Amino acid sequence: MTDETIGETPFPGTPPTDCPLCPRLVAYRAEQRLRHPGWWNAPVPPLGDPQARMAIVGLAPGLKGANRTGQPFHGDDAGKLLFATLAELGLATETPERWDVPGLFITNAVACAPPGNLPETGEKHACRAFLATQLSALPALRVVVALGETAHQAAIKAIGGKLPKYRFGHGAVHKLPSGVLLVDSYHPSRLNLNTGTITPEMLKAIFVAALELTNHGN
Ligand code: URA
């Protein structure tokens, strides 16, 4: 297995394939490698465009989604809605193997699949430096869309803001000290969709607003 690359080399901040930082996630990964040798089963690298003006931060790879395909959000219910929404807005195109998202950058707060889709606090902290490196390697970045509160916190910490200043709220827009705008959204997880916490229309409205801010915000 090789590291996923953007261009010829892995994007800055891509964790190594055998990242050792989180013992629980390392053990889970080893278990999945035995059970599903054909799956990605490694930290999932970011997807997208080094010249992206908008970044999307999710929670962590789904076991049977990104952890299987090696592409953030690819192959699970959350990703189905996310990519369909982006495609509807002209921001994503599906190829037989993968999604192309010119102008966008998609990554996760935690790069490895966690048991039960729930990363622990120490795992979120351990992965933060990767996210910080990734986001700081995007020179044109203007807007970050955080899918869920964990992504909101991770993005603020990664970009260098102080958490208590910025309260998570669906549709909230925060101007971070660097000037980057953070747009909050509920996570489009199957659970949140089933409970109506977020609907396809709500997610689309977030991206319409984020696109407007990317193109015309200050
Ligand atoms: N897949 C991901 O890559 N991230 C999420 O947050 C959910 C599903």
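Our subject is the structure listed above.
Residues numbered from 1 in each chain as written. Predicted model: local features only at pLDDT ≥ 70, side-chain atom pairs only at ≥ 80, totals over all residues. Heavy atoms only, no water.

(A) Molecular detail of the overall build of the protein. Summing up its helical and strand segments, the protein has seven helices and eight strands in all. The C-alpha atoms of the protein give 16 Å as radius of gyration, which agrees with the globular expectation for 218 residues (17 Å, within 12%). Over its C-alpha atoms, taken along the principal directions, the protein stretches across nearly 50 × 40 × 35 Å. Taken across its 218 residues, the protein has 49% of its residues classed as buried. Considering only residue pairs separated by 6 or more positions, the protein has 68% of its internal contacts joining residues 24 or more positions apart. Only carbon and sulfur atoms are counted for the fraction: they give 54% of the accessible area of the protein, which is about 10100 Å². (Helix = DSSP H or I, 4+ residues; strand = E, 2+ residues; numbered from the N terminus. Rg over C-alpha atoms; globule rule 2.2 N^0.38 Å. Buried < 20%, exposed > 50% of the residue type's maximum accessible area, 1.4 Å probe, protein only. Contact = heavy atoms within 4.5 Å. Areas by Shrake-Rupley, 256 points an atom, 1.4 Å probe, with all protein chains shown as cover.)

(B) Spotlight on the packing of helix H3 (residues 77-88) against helix H7 (residues 200-216). Remark: H3 packs on H7, axes separated minimally by 10 Å, with the N-to-C direction vectors making an angle of 50 degrees. What the angle tells us is that H3 and H7 run oblique. As for how H3 packs across H7, the hand of that crossing is right-handed. Taken together, the residues of H7 that come into contact with H3 (itself represented by Leu 81, Leu 82, Thr 85, Leu 86 and Glu 88) are Pro 200, Leu 203, Lys 204 and Phe 207. (Axes fitted to C-alpha atoms, helices over the stretch in contact; angles between N-to-C directions. Parallel < 35°, antiparallel > 145°, perpendicular 65-115°, else oblique. Left-handed = near helix turned anticlockwise from the far one by under 90°.)

(C) Summary view of the nonpolar core. Among the nonpolar cores identified, the biggest contains 25 residues, and Ile 56, Phe 83, Leu 86, Ile 106, Val 145 and Phe 207 are the most heavily contacted of them. Taken together, the elements giving at least two residues each to this core come down to strand S2 (54-58), H3, strand S5 (104-108), strand S6 (143-147), strand S8 (181-185) and H7. With five residues, the top contributor of residues to this core is H3. If sequence neighbours within four positions are ignored, Phe 83 has contacts with Leu 47, Pro 72, Phe 73, His 74, Ala 92, Trp 99, Val 101 and Ile 106. Ranked by size, the runner-up nonpolar core spans 22 residues in total, among them Ala 109, Ala 146, Ile 156 and Ala 158. (Core = buried A, V, L, I, M, F, W, Y, C linked by side-chain atoms within 4.5 Å.)

(D) The site of the ligand, seen in detail. With respect to spatial proximity, the complete set of residues near the ligand consists of Gly 58, Leu 59, Ala 60, Pro 61, Gly 62, Ala 66, Pro 72, Phe 73, Asp 76, Asn 108 and His 187. Within the side chain of His 187, one N or O atom sits 2.7 Å away from an oxygen atom of the ligand. When the ligand sits alone it has 240 Å² of accessible area, and the protein chains cover 95% of it. (Near = heavy atom within 4 Å. Polar contact = N/O pair within 3.5 Å; in protein donor to acceptor, adjacent residues only side chain to side chain.)

(E) Region of interest: the pairing of S8. Of all five residues in S8, five are buried; the element is thus mostly enclosed. Sheet topology note: the strand S7 (residues 173-175)/S8 ladder contains three bridges and is antiparallel. Within the sheet, the bridge partner assigned to Val 173 lies in S8 and is Val 183. Where S7 hands over to S8, the hairpin turn is made up of five residues, of which Gly 179 adopts a positive phi near 100 degrees. (Pairing = 2+ DSSP bridges.)

(F) Spatial organisation of the pattern of salt bridges. Counted according to the given criterion, the structure contains six salt bridges. The shortest N-O distance in the salt bridge between Glu 123 and Arg 24 comes to 2.8 Å. Residue Glu 123 is located in helix H4 (residues 121-136), and its partner Arg 24 is located in helix H1 (residues 23-35); the two are separated by 99 residues in the primary sequence. By relative accessible area, which is 5% here, Glu 123 ends up buried. A network of salt bridges, in which partner residues are shared, links Arg 24, Glu 120 and Glu 123. (Salt bridge = Lys/Arg side-chain N within 4 Å of Asp/Glu carboxyl O.)

(G) Representation of the packing of aromatic side chains within the structure. Counted by the stated rule, this structure contains three aromatic pairs. Between Phe 83 and Trp 99 the ring centres are 4.9 Å apart and the planes differ by 5 degrees, which places this aromatic pair in the stacked class. Placement of Phe 83 in helix H3 and of Trp 99 in strand S4 (residues 99-100) is noted, with a sequence separation of 16 residues between them. As far as the burial class goes, Phe 83 and Trp 99 line up, both buried. (Phe/Tyr/Trp six-rings, centres within 6.5 Å; stacked < 30°, edge-to-face > 60°.)

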